[in-house]
Amino acid sequence: MTGRAWISGVGGKKPAIAPGAFTAPTSVVIGDVTMAAGSSVWYHAVLRADCGSIAVGADSNIQDNCTVHVDPGFSVSVGARVSVGHNTVLHGCTVEDDVLVGMGATVLNGAHIGAGSLVAAQALVPQGMRVPPGSLVAGVPAKVKRELTAEEREGIQLNAAMYLELAQSHQEALRDAE
């Protein structure tokens, strides 16, 4: 697969993508989006910042088929070393550093996920929910279940590091295919 991500301005705001960030072909990055060095947006993911800003921190990954969107007054902030699993929706929320948001989860406007937390796959984090740092949150609607173990926190860090390496591999493979 060759080609480029669709990166476009809207409403006078253009994405700011740091050198070393990866935007996969078929990803869409529109509007007031900032991507830090080492961050990655994967295949078919959409970051649409047409009503507010989206910031993706260093070494964070937004995996395949994710949707990241904003509402007026509800921007999205994704901290450093965050992994956002396949098919996740982040909408007008804050996700602090060293978090894993599991596949298919939805995090709604005004929700705040504390550092070092894990949002379980398919969880629905309701509007305005505050998740304390180091928590496991799961369910529909999501509830804080317990504090994460040291092993679980290490797993979150390893996942982010793996995606940093994968992004570099994909960048090289795409350059070689051109």
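A short tour of the structure in this document, coming up. All figures in this text were calculated on a predicted structure; none of them were measured in a lab. What you see as residue numbers is a count from 1 along each chain, following the sequence as written. Local features are withheld for residues below a pLDDT of 70 in this predicted model, meaning they are given only at 70 or higher, and side-chain atom pairs are given and counted only at 80 or more; totals for whole chains, interfaces and linings count all residues. With hydrogens and water set aside, each side-chain value is computed from the structure's full complement of heavy atoms.

1. A closer look at the overall build of the protein
1) Next: Looking only at helices and strands, the protein has 1 helix and 20 strands in total.
2) Next: Computation of the radius of gyration draws on C-alpha atoms alone. For the globule rule, the value is 2.2 Å times the number of residues to the power 0.38. Computed over its C-alpha atoms, the radius of gyration of the protein comes to 15 Å, within 12% of the 16 Å expected for a compact globule of 178 residues.
3) Next: On the principal axes, the C-alpha backbone points of the protein span a range of 50 × 35 × 20 Å.
4) Next: Buried positions account for 48% of the 178 residues belonging to the protein.
5) Next: Contacts between residues were defined by any pair of non-hydrogen atoms, one from each residue, lying within 4.5 Å. Sequence-distant contacts, at least 24 apart, represent 12% of the contacts inside the protein between residues at least 6 apart.
6) Next: In the form shown here, the protein has an accessible surface area of approximately 8,000 Å², with 55% of it arising from carbon and sulfur atoms. A run of DSSP states H or I qualifies as a helix once it reaches four residues; a run of E qualifies as a strand once it reaches two. Both are numbered from the N-terminal end. The cut-offs for exposure are 20% and 50% of the maximum accessible area for each residue type, with area from a 1.4 Å probe on protein chains only; residues under the lower value are buried, those over the upper are exposed, and the others partly exposed. Accessible surface area values rest on a Shrake-Rupley calculation with a 1.4 Å probe, where residue burial reflects the displayed protein chains alone.

2. Description of the layout of surface pockets
1) Next: Using protein atoms alone on a 1 Å grid, points that fit a 1.4 Å probe yet trap it form a cavity, whereas open point sets bounded by protein on both sides within 12 Å along at least five of seven lines form a pocket; residues with an atom within 4 Å of a point count as lining. Grid points are joined across faces, edges and corners, and a volume is the space filled by probe spheres set on the points. Approximately 180 Å³ is the volume attributed to the largest pocket.
2) Next: If you go around the largest pocket, you meet 11 residues; those closest to its centre are Arg4, Phe22, Thr23, Gln171 and Leu174.
3) Next: Mapped by element, the contributors of at least two residues to the lining of the largest pocket are β3 (22-23) and α1 (150-177).
4) Next: With 3 residues, α1 is the single largest residue contributor to the lining of the largest pocket.
5) Next: Taken together, the residues that form the lining of the largest pocket break down as 5 nonpolar, 3 polar and 3 charged. Amino acid classes used here: Ala, Val, Leu, Ile, Met, Phe, Trp, Tyr, Cys and Pro are nonpolar; Asp, Glu, Lys and Arg are charged; the rest, including Gly, are polar.

3. Some details on the nonpolar core
1) Next: Side-chain atoms within 4.5 Å are what join buried Ala, Val, Leu, Ile, Met, Phe, Trp, Tyr and Cys residues into a set we call a nonpolar core. Counting 34 residues, the largest nonpolar core has Ile54 and Ile62 as its most contacted members.
2) Next: Those elements that place two or more of their residues in this core are β4 (28-35), β6 (46-56) and β9 (76-78).
3) Next: For isoleucine 62, the contacting residues outside a window of four places in its chain are Ser40, Val41, Trp42, Ala45, Leu47, Val56, Val68 and Val84.
4) Next: Phe22, Trp42, Tyr163 and Ala167 belong to the second-largest nonpolar core, a separate cluster that totals 7 residues.

4. Overview of the pattern of salt bridges
1) Next: What counts as a salt bridge is simple: a side-chain nitrogen of Lys or Arg found within 4 Å of a carboxyl oxygen of Asp or Glu. Enumeration according to the criterion identifies 3 salt bridges in this entry.
2) Next: Of the charged contacts, one joins arginine 48 and aspartate 50 as a salt bridge, the two residues approaching to 2.5 Å between their closest N and O atoms.
3) Next: Its relative accessible area of 36% is what places arginine 48 among the partly exposed residues.
4) Next: The exposure class of aspartate 50 is partly exposed, given its relative accessible area of 33%.

5. Quick look at the side chain of threonine 23
1) Next: With respect to the helices and strands, the residue threonine 23 is situated in strand β3.
2) Next: Of the residues examined, threonine 23 reaches a relative accessible area of 19% and is grouped as buried.
3) Next: The contact partners of threonine 23, leaving out residues within four places of it in the chain, are Ala5, Ile7, Ile17, Val29, Met35 and Val41.

6. Details of the pairing of strand β19 (residues 135-138)
1) Next: Neither face of β19 is exposed, since Ser135 and Val137 on one face and Leu136 and Ala138 on the opposite face are all buried.
2) Next: Here, any two strands with at least 2 DSSP bridges between them count as paired. Pairing analysis gives 2 bridges linking strand β16 (residues 118-119) to β19, with the strands arranged parallel. Within β19, the residue paired with leucine 118 across the bridge is leucine 136.
3) Next: Where β19 meets strand β20 (residues 143-147), 4 bridges bridge the pair, whose relative direction is antiparallel. Of the residues in β20, the one forming a bridge with alanine 138 is lysine 143.
4) Next: Turn length for the β19-β20 hairpin, with the two strands adjacent in sequence and antiparallel, is 4 residues, and the turn residue glycine 139 shows positive phi of about 110°.

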